[in-house]
Amino acid sequence: MKNKRRSTLKRMFASVATVFGASTLGVQTAKAASSSKKVFNVYKDEQDVPLFSGSVVHGDTVYIAGKGAHFDGDIAAHTDHVLKELEKELEKAGSSMEKVLKVNVYLHDIRDYTAMNEVYKGRFGPNPPVRTTVAVFGGVPGDSLVEIDCIASL
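Residues numbered from 1 in each chain as written. Predicted model: local features only at pLDDT ≥ 70, side-chain atom pairs only at ≥ 80, totals over all residues. Heavy atoms only, no water.

Both faces of the sheet carry side chains from a regular strand, because those side chains alternate between them. Most of strand S6 (residues 146-153) is tucked away: 6 of the 8 residues are buried. Looking at chain direction, strand S3 (residues 61-68) and S6 are connected through 6 bridges and run antiparallel. The residue of S6 that forms the bridge with glycine 68 is glutamate 147. Bridge count for strand S4 (residues 100-107) against S6 is 7 bridges, and the pairing is antiparallel. The residue of S6 that forms the bridge with leucine 107 is valine 146. (Buried < 20%, exposed > 50% of the residue type's maximum accessible area, 1.4 Å probe, protein only. Helix = DSSP H or I, 4+ residues; strand = E, 2+ residues; numbered from the N terminus. Pairing = 2+ DSSP bridges.)

Structurally, valine 119 can be placed in helix H3 (residues 113-120). By relative accessible area, which is 18% here, valine 119 ends up buried. Taking the C-alpha atoms as reference points, valine 119 and threonine 79, 40 residues apart in sequence, are found 6.5 Å from one another. Sequence-distant contacts of valine 119, that is, excluding residues within four places in its chain, are made with Ala76, Thr79, Asp80 and Leu83. (Contact = heavy atoms within 4.5 Å.)

Packed helices, taken two at a time, are described by the angle between their axes plus the distance between the axes. Between helix H2 (residues 75-93) and H3, whose axes approach to 9 Å, the crossing angle comes to 40 degrees. As summarised for this structure, H2 and H3 are arranged oblique, according to the angle between their axes. Here H2 and H3 pass one another in a crossing that is right-handed. Across the interface between the two elements, Ile75, Ala76, Thr79, Asp80 and Leu83 of H2 pack against Ala115, Met116, Val119 and Tyr120 of H3. Class assignment of the residues belonging to the contact of H2 with H3 gives a composition of 7 nonpolar, 1 polar and 1 charged. (Axes fitted to C-alpha atoms, helices over the stretch in contact; angles between N-to-C directions. Parallel < 35°, antiparallel > 145°, perpendicular 65-115°, else oblique. Left-handed = near helix turned anticlockwise from the far one by under 90°. Nonpolar A, V, L, I, M, F, W, Y, C, P; charged D, E, K, R; others polar.)

Let's shift gears to the pattern of salt bridges. Using the criterion set out here, one finds 7 salt bridges in the structure. We note a salt bridge from lysine 84 to aspartate 80, for which the minimum N-O separation is 3.0 Å. You can see lysine 84 and its partner aspartate 80 sitting in helix H2, 4 residues apart, about one turn around the helix. Note on aspartate 80: relative accessible area 24%, which makes it partly exposed. Between aspartate 80 and arginine 123 there is a salt bridge whose closest N-O contact spans 3.1 Å. On the criterion of sequence distance, the pair formed by aspartate 80 in helix H2 and arginine 123 in the loop between H3 and strand S5 (130-135) is long-range, its members being 43 residues apart. Salt bridges sharing partners connect three or more residues here, namely Lys67, Glu89 and Lys92. (Salt bridge = Lys/Arg side-chain N within 4 Å of Asp/Glu carboxyl O.)

Spelled out as structure tokens, the structure:
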């Protein structure tokens, strides 16, 4: 009698585990399908070999590559240009400046910090993202005074 109850309990638990396992598997499969990587604006080298993507969407997150300003101008003009370029990339990917979670700012010269902040402030809405700002030894590529990248939700 005792063995029969154990056997019945084992079968019940096995059935529950099978049902639970199958439902979990379905959720995992759905998550895997929805988290495929989509790339935008792939930059290539002189031999047409892909170097990096301008932005990548993975799951509910968008990653925007660093944007710079490659023209003559001061830090205010460069910062304004870069932030407008970030906004365009975010919108193409289905996000916005208000959904940015993390920003990295790379300055050619740390003395531009205050002037960059004057243009930067308020651009991400009332709840700004977390941010790291560093001055890059050797300068920002392409003679930009500032480069900015970000991570946002969709």
